[in-house]
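Below are the chains, spelled out letter by letter.
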Amino acid sequence: MAQEQYKIGEFAKLVGLSTYTLRYYEDQGLIMPQRDASGVRFYTLEDVKWVGFILHLKGTGMRITELKQYVALRAQGDATIEARKALLQKAKAQAEAELAERQANLQILTRKIDWYDGKLDQSIDQVESFETYLQRFES
């Protein structure tokens, strides 16, 4: 059974990226499309899965240099599983730290909005500062 082959435009639609981005990823060595007898690049369902994983890694904030390192390790086979795992653990820890910081920032925004609501509905004294209001929530 022949494997489905997608030209770059079709593949771009499948993975939700522009052809420009796909070519950039190819130039960076993140993806390696196959070529037909005429030299035209094509992609397969395996490439769809791979690009999906790359997008997950990018979504964690992983930098292009780290992505390239991961791809290089992956190309070396199972002997690099420990190194790949360590790279993913590092990316996970960085993403969790960024998430915690973002959650803390969102909490301050939420409190500021609540403080404004209190000022508007007069449930908070008009002279109470935001800093004083925040002290109510400190443990």
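See the structure printed just above.
Residues numbered from 1 in each chain as written. Predicted model: local features only at pLDDT ≥ 70, side-chain atom pairs only at ≥ 80, totals over all residues. Heavy atoms only, no water.

(A) How the structure looks around the overall build of the chain. Helix and strand counts for the chain stand at six helices and two strands. Ordered by position in the sequence, the α and β elements of the chain form the string α-α-β-β-α-α-α-α. Relative to the 2.2 N^0.38 estimate, which gives 14 Å for 139 residues, the radius of gyration of the chain is 24 Å and therefore markedly larger than a compact globule would have. The buried share among the 139 residues of the chain stands at 29%. Partitioning the contacts of the chain with sequence separation of at least 6, the portion at a separation of at least 24 is 43%. When the accessible area of the chain is evaluated, it comes to approximately 9,800 Å², of which 53% is carbon and sulfur surface. One finds the centroid of the 19 positive side-chain charges in the chain at a distance of 6 Å from the centroid of its 20 negative side-chain charges. (Helix = DSSP H or I, 4+ residues; strand = E, 2+ residues; numbered from the N terminus. Rg over C-alpha atoms; globule rule 2.2 N^0.38 Å. Buried < 20%, exposed > 50% of the residue type's maximum accessible area, 1.4 Å probe, protein only. Contact = heavy atoms within 4.5 Å. Areas by Shrake-Rupley, 256 points an atom, 1.4 Å probe, with all protein chains shown as cover. Lys, Arg positive; Asp, Glu negative; His and termini not counted. Charge placed at Lys NZ, Arg CZ, Asp CG, Glu CD.)

(B) Structural detail: the pattern of salt bridges. Throughout the structure, instances matching the rule amount to seven salt bridges. A salt bridge links Arg35 to Glu26; the shortest N-O distance between them is 3.2 Å. According to the relative accessible area criterion, Arg35 is partly exposed, its value standing at 45%. Note that Lys49 and Glu46 form a salt bridge whose closest N and O atoms lie 3.1 Å from each other. Here Glu46 and Lys49 lie together in helix H3 (residues 45-59), a separation of three residues that amounts to about one turn. (Salt bridge = Lys/Arg side-chain N within 4 Å of Asp/Glu carboxyl O.)

(C) Layout of the layout of surface pockets. Approximately 180 Å³ is the volume attributed to the largest pocket. Leu30, Ile31, Met32, Glu46, Asp47, Trp50, Val71 and Arg74 are the residues that line the largest pocket. Mapped onto the lining of the largest pocket, the elements with two or more residues apiece are H3 and helix H4 (64-75). Ranked by residue count, the leading element in the lining of the largest pocket is H3, at three residues. Looking at side-chain class alone, the lining of the largest pocket contains five nonpolar, no polar and three charged residues. (1 Å grid on protein atoms, 1.4 Å probe; cavity = no way out; pocket = protein on both sides within 12 Å on 5 of 7 lines; lining within 4 Å. Points joined across faces, edges and corners; volume = space filled by probe spheres on them. Nonpolar A, V, L, I, M, F, W, Y, C, P; charged D, E, K, R; others polar.)

(D) Up close: the packing of aromatic side chains. Applying the stated criterion across every chain yields a total of nine aromatic pairs. Ring centres of Trp50 and Tyr70 lie 6.4 Å apart, and the angle between their planes is 15°; on these two criteria the pair is classed as stacked. Placement of Trp50 in helix H3 and of Tyr70 in helix H4 is noted, with a sequence separation of 20 residues between them. Just as Trp50 is buried, Tyr70 falls in that class too. (Phe/Tyr/Trp six-rings, centres within 6.5 Å; stacked < 30°, edge-to-face > 60°.)

(E) Focus on the packing of helix H1 (residues 8-15) against helix H2 (residues 19-27). Look at H1 against H2: their axes get within 9 Å of each other, and the N-to-C directions meet at 100°. With respect to H2, the element H1 is oriented roughly perpendicular. For the pair H1 and H2, contact is made by Ile8, Gly9, Phe11, Ala12 and Val15 and by Thr19, Leu22 and Arg23, respectively. Grouping the amino acids of the contact of H1 with H2 by side-chain chemistry returns five nonpolar, two polar and one charged. (Axes fitted to C-alpha atoms, helices over the stretch in contact; angles between N-to-C directions. Parallel < 35°, antiparallel > 145°, perpendicular 65-115°, else oblique.)

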